[in-house]
Amino acid sequence: MRGNKNSARQEIVIKKVINLCKKVFTSPKSKNKKNSSTATVLTRDMHSVSRKFISINALKVLNRLNSSGYDAYLVGGGVRDILLGISPKDFDIATNATPEQIKTLFRNCRLIGRRFRLAHIVFGRDIIEVATFRGHHDTASEKQQQCQKQSKQSEHGMLLRDNIYGSIEEDAERRDFTINALYYSAKDFTVHDFANGIQDINDRQIRLIGDPETRYREDPVRMLRAIRFATKLNMEISKKTKQPIKSLAPLLANIPPARMFEEFNKLFLSGKALVNFNQLREYQLFTYFFPIVEQALQSDEFPYLANLIATALSNTDDRINNDKRVTPAFLFAAVLWYPLQQKILQLKATTTMTPQDTFFSAYHEIMSEQQRSIAIPKRFQAVMKDIWILQEKFERREGKKAFKTLEHIKFRAGYDFLLLRATLEHENTELVKLSQWWTDFQHSNYDTQQIMIKSVAKPVSKRSPRKKRKPKSPQKNASNTQE
């Protein structure tokens, strides 16, 4: 009897297993599921990645994750740059540990992000970013797909939430470019290449993983990243990768202004600003950073606008490549200068406001419109405003005004901008003379400065002369006194 019962139970279990297998292998999800990539594994003697090129803090994170039973790899730009002989700026790590598990291992860990849940391991000013392996949305469970905290897409296909976790193979498929799908293991010193990234590095080629249109729709910023990597690494964007960029450019209008500010900094404050500017215009992407400026460039309203932008970007590249300080405020001031002047002229023609009120009204209109594209922080807006206000202050040099202008906290930035304008508008003799006057003034002694101020012609007052009051009639005063 017992034998019959056991055999019956076994048959039931076998049937359940068979039914479960049928469900799994005939489900729609299994049909859509992508085949796992087979990585090419490069042993220590086949690549140039070495621990001596990796930051100590990144190695600490890798070793602790590995010793705790998790798989952890140095991934992306850190591996790519070392292979190219470039010193990496950042060291990112990918692991099968979830953000919560990572946090339990590191007291100096903070979890950030809603769109992508990430762990930041903080070592003073050094931050090591750790991400959990990403999975495919179409293979996630129904519960995960329905939970908007884990998975969410916009109507345009852009990923708004991306916290579906998977295997290292799936994570590699989710990477944007082949040259970023490279994983270095600190355990056995191997490099895992999942998308033929090593070959693309050798061929100097930027190539997207998967269908370019789908990948750009998932994250339109990838169009900007393609340009940035191509210029940074002196590579070419592959034909298939660049083909849909112009047609999909309008997708950038859906990117939050705060994220566009981050991308602006990466594109224009990395020593490749001028070439990135030209590439953005070629692919019709610049308009999503500065719509009013792109419109002015196309209409050719301002003869000096293109040269002003190009010269400012070139100067910024020179300063960065010579390890000098730069601020995005100066670039914003240069790019938006002529649109600001146009707005001031329009207000002067249509209103009776004072010059000061006209400037501030134009300033607020320009900045309000610009903020819809790039969320410029207030600290940079303040510097932009100072640079622009100083251009008018430079013209007023009588009395003590020149000394007050010289003592202004942003004098140097304003003066550099004045020189930039004078260099380009060389036909404007008054502007050229003004820039030379300030060059001489700041390098002269006090007595010479006094002589220079006295030699400046006083500006003609635009105010109408006050009417003198008529003196009171003496007879009327006398009569009032008598009364």
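Scroll up to find the structure this text is about.
For the structure given in this document, a descriptive report is provided here. (Residues numbered from 1 in each chain as written. Predicted model: local features only at pLDDT ≥ 70, side-chain atom pairs only at ≥ 80, totals over all residues. Heavy atoms only, no water.)

Take empty space enclosed by the protein next. Enumeration over the complete set of coordinates arrives at one cavity of 30 Å³ or more. A volume near 30 Å³ is recorded for the largest cavity. Counting residues per element, the ones that place at least two in the lining of the largest cavity are α13 (257-268), α16 (305-321) and α17 (328-335). (1 Å grid on protein atoms, 1.4 Å probe; cavity = no way out; pocket = protein on both sides within 12 Å on 5 of 7 lines; lining within 4 Å. Points joined across faces, edges and corners; volume = space filled by probe spheres on them. Helix = DSSP H or I, 4+ residues; strand = E, 2+ residues; numbered from the N terminus.)

Let's shift gears to the packing of helix α18 (residues 337-350) against helix α19 (residues 355-370). Across the interface, α18 lies against α19 with an axial gap of 9 Å and an inter-helix angle of 130°. One finds that α18 runs oblique with respect to α19. The two elements α18 and α19 meet at a crossing, and its hand is right-handed. Along its contact with α18, which presents P339, L340, K343, I344, L347 and K348, the element α19 presents T358, F359, S361, A362, Y363, E365 and I366. Its residues assigned to classes, the contact of α18 with α19 comprises eight nonpolar, two polar and three charged. (Axes fitted to C-alpha atoms, helices over the stretch in contact; angles between N-to-C directions. Parallel < 35°, antiparallel > 145°, perpendicular 65-115°, else oblique. Left-handed = near helix turned anticlockwise from the far one by under 90°. Contact = heavy atoms within 4.5 Å. Nonpolar A, V, L, I, M, F, W, Y, C, P; charged D, E, K, R; others polar.)

The subject of this paragraph is the environment of N322. The topology assignment puts N322 in the loop between α16 and α17. Residue class for N322 comes out exposed when judged on its relative accessible area of 52%. Sequence separation between N322 and G271 is 51 residues, and the spatial gap between their C-alpha atoms is 9.5 Å. For N322, the side chain forms a polar contact with the main-chain oxygen of D318, separated by 2.7 Å. (Buried < 20%, exposed > 50% of the residue type's maximum accessible area, 1.4 Å probe, protein only. Polar contact = N/O pair within 3.5 Å; in protein donor to acceptor, adjacent residues only side chain to side chain.)

The next point concerns the sheet that holds strand β2 (residues 72-75). Strand order in the open sheet formed by eight strands is β1-β10-β9-β2-β3-β6-β5-β4, with mixed pairing between adjacent strands. Unpaired on one side and paired on the other, β1 (40-42) and β4 (109-112) mark the two borders of the sheet. Pairs of neighbouring strands in the sheet enclose a mean axial angle of 30°, with direction left out of account. Judged from the four bridges that link them, β4 and strand β5 (residues 118-123) form a sheet pairing that is antiparallel. In the strand pairing of β5, I112 is matched with L118. (Pairing = 2+ DSSP bridges.)

The next subject is the pattern of salt bridges. Think of it this way: side chains of opposite charge can pair up when their charged atoms draw near. If you walk through the whole model with that rule in mind, you get 16 salt bridges. We note a salt bridge from K187 to D71, for which the minimum N-O separation is 3.9 Å. With K187 in the loop between β9 (182-184) and β10 (191-193) and D71 in the loop between α3 (56-67) and β2, the pair connects residues that are 116 residues apart, well separated along the chain. Overall, the relative accessible area of 53% leaves K187 in the exposed class. For D200, the salt bridge goes to R207, with nearest N and O atoms at 2.8 Å. (Salt bridge = Lys/Arg side-chain N within 4 Å of Asp/Glu carboxyl O.)

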